[in-house]
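Spelled out, the chains give:
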Amino acid sequence: MTTIDLSARPAPAVGGFNLTILKLELRRLFRNQRTMIFTLAFPVLMFVLVSNSIPGADQPLGDGVIANVKAYLMVSMALYGAVMATTSGGASVSIERAQGWSRQLRLTPLSPLAYIAIKMLTAMVMGVLALGSTFVVAAIFGNVTMATQTWIAATVIVLAGSLVFAAFGLFMGYLLPNQNAMQVLGPGLAVLGFLGGLFSGPVDTSTVIGKIQALTPIYGLNEIAHWPLTLTTTGHLDSFDWLWVVNLVAWGAIFVAGAVWRFRKDTARV
């Protein structure tokens, strides 16, 4: 009887990452009509309600600033929608755990990092839809004023930063029971949004409370995403703070490490 040494098999390239699994994940995403409708509609409705309830929303953000208040609100709502969408996309892994899919994946050559990369890319599709729907509606009907380079910068920053919260959703999806994941994460993200200045405006880091707020996960991304809106005809009204980037990168590293840890722990029983 011939014995096959499985340990002698060469390790797959890039940890087993492949387009077939990515395609399956995307197909499953688009079949979830309830999630898709919520992803498209929620940030748009938030922008419409908030922008129409604030007096002077058509006024510029400051002396010489090209963007107006509605543009600031648009970026805030698009950012919140993208964060919610990518987090929920990552947290969907909690349902897969209940179905035994995660343990099945442990039998394949797919590495934890490759699997997390696939889930994050899938969640990013939801982020793109949330941001795109908000920007399109705001541009057509919202009377938003922004320079072309500001539109581009805000789009790139929000999408790139949303990857952090795709990892956050994955981490929490493995950490929380499947029936409670989004019930906890929904209100939790709203609280983090307030602490990070997403709904209350720029954080005053000269105060004790402001210093605490500057340590929260959404703070760095919120500040970076809104910084391009301070563009004037002669430069930026506000100076860029590299601590915003440190905040975003640090939380991203924590969430990715947490997701890898929980993936390995969750599938170790196979």
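Preceding block: the structure.
Residues numbered from 1 in each chain as written. Predicted model: local features only at pLDDT ≥ 70, side-chain atom pairs only at ≥ 80, totals over all residues. Heavy atoms only, no water.

K.L.:
Would you mind going over the environment of Pro 112 with me for this structure?
P.N.:
Among the structural elements, Pro 112 can be located in helix H6 (residues 112-141). Separated by 150 residues in sequence, Pro 112 and Arg 262 have C-alpha atoms that sit 9.6 Å apart. (Helix = DSSP H or I, 4+ residues; strand = E, 2+ residues; numbered from the N terminus.)

K.L.:
I tried to follow the nonpolar core on my own but got confused; where do I start?
P.N.:
Burial of nonpolar side chains together is a common tendency in soluble globular proteins. One finds Met 74 and Phe 165 to be the most contacted residues of the largest nonpolar core, which totals 63 residues. For this core, the secondary-structure elements that each account for two or more residues are helix H1 (19-31), helix H3 (69-91), H6, helix H7 (148-175), helix H8 (181-195), helix H10 (217-226) and helix H11 (242-267). In terms of residue count, H3 provides more of this core than any other element does, 13 residues in total. Of all hydrophobic cores here, the second largest spans five residues; its members include Leu 29, Met 36, Ala 85 and Met 126. (Core = buried A, V, L, I, M, F, W, Y, C linked by side-chain atoms within 4.5 Å. Buried < 20%, exposed > 50% of the residue type's maximum accessible area, 1.4 Å probe, protein only.)

K.L.:
Before we go on, may I ask you to explain a nonpolar patch on the surface in this structure?
P.N.:
Taken together, Val 136, Ile 140 and Phe 141 make up a surface patch of nonpolar side chains, about 360 Å² in accessible area. Following the sequence through the fold, Val 136 ends up in helix H6. (Patch = residues over 30% accessible without salt bridge, like charges linked within 9 Å, V, L, I, M, F, W, Y side chains within 5 Å. Areas by Shrake-Rupley, 256 points an atom, 1.4 Å probe, with all protein chains shown as cover. Salt bridge = Lys/Arg side-chain N within 4 Å of Asp/Glu carboxyl O.)

K.L.:
Got a minute to help me understand H1 in this structure?
P.N.:
Relative to the 18 Å expected for 13 residues at 1.5 Å per residue, H1 spans 18 Å between its end C-alpha atoms, a close match to the ideal helical length. Within the sequence span of H1, burial applies to Ile 21, Leu 22, Glu 25 and Leu 29. All buried residues of H1 project into a common sector of 100° when viewed along the axis, lining one side. With respect to the buried face of H1, the exposed residues turned more than 90 degrees away are Leu 19, Thr 20, Lys 23 and Arg 31. (Expected span 1.5 Å × (residues − 1). Arc of directions from axis to C-beta.)

K.L.:
Can you help me understand the environment of His 226 in this one?
P.N.:
With respect to the helices and strands, His 226 occurs in helix H10. Classification of His 226 as buried rests on a relative accessible area of 6%. Spatially, the C-alpha atom of His 226 lies 9.4 Å from that of Thr 150, the residues being 76 residues apart in sequence. Each residue touching His 226, except ones within four places of it in the same chain, is listed here: Tyr 72, Val 75, Ser 76 and Leu 198. At 2.9 Å, the side chain of His 226 and the backbone oxygen of Asn 222 are in polar contact. (Contact = heavy atoms within 4.5 Å. Polar contact = N/O pair within 3.5 Å; in protein donor to acceptor, adjacent residues only side chain to side chain.)

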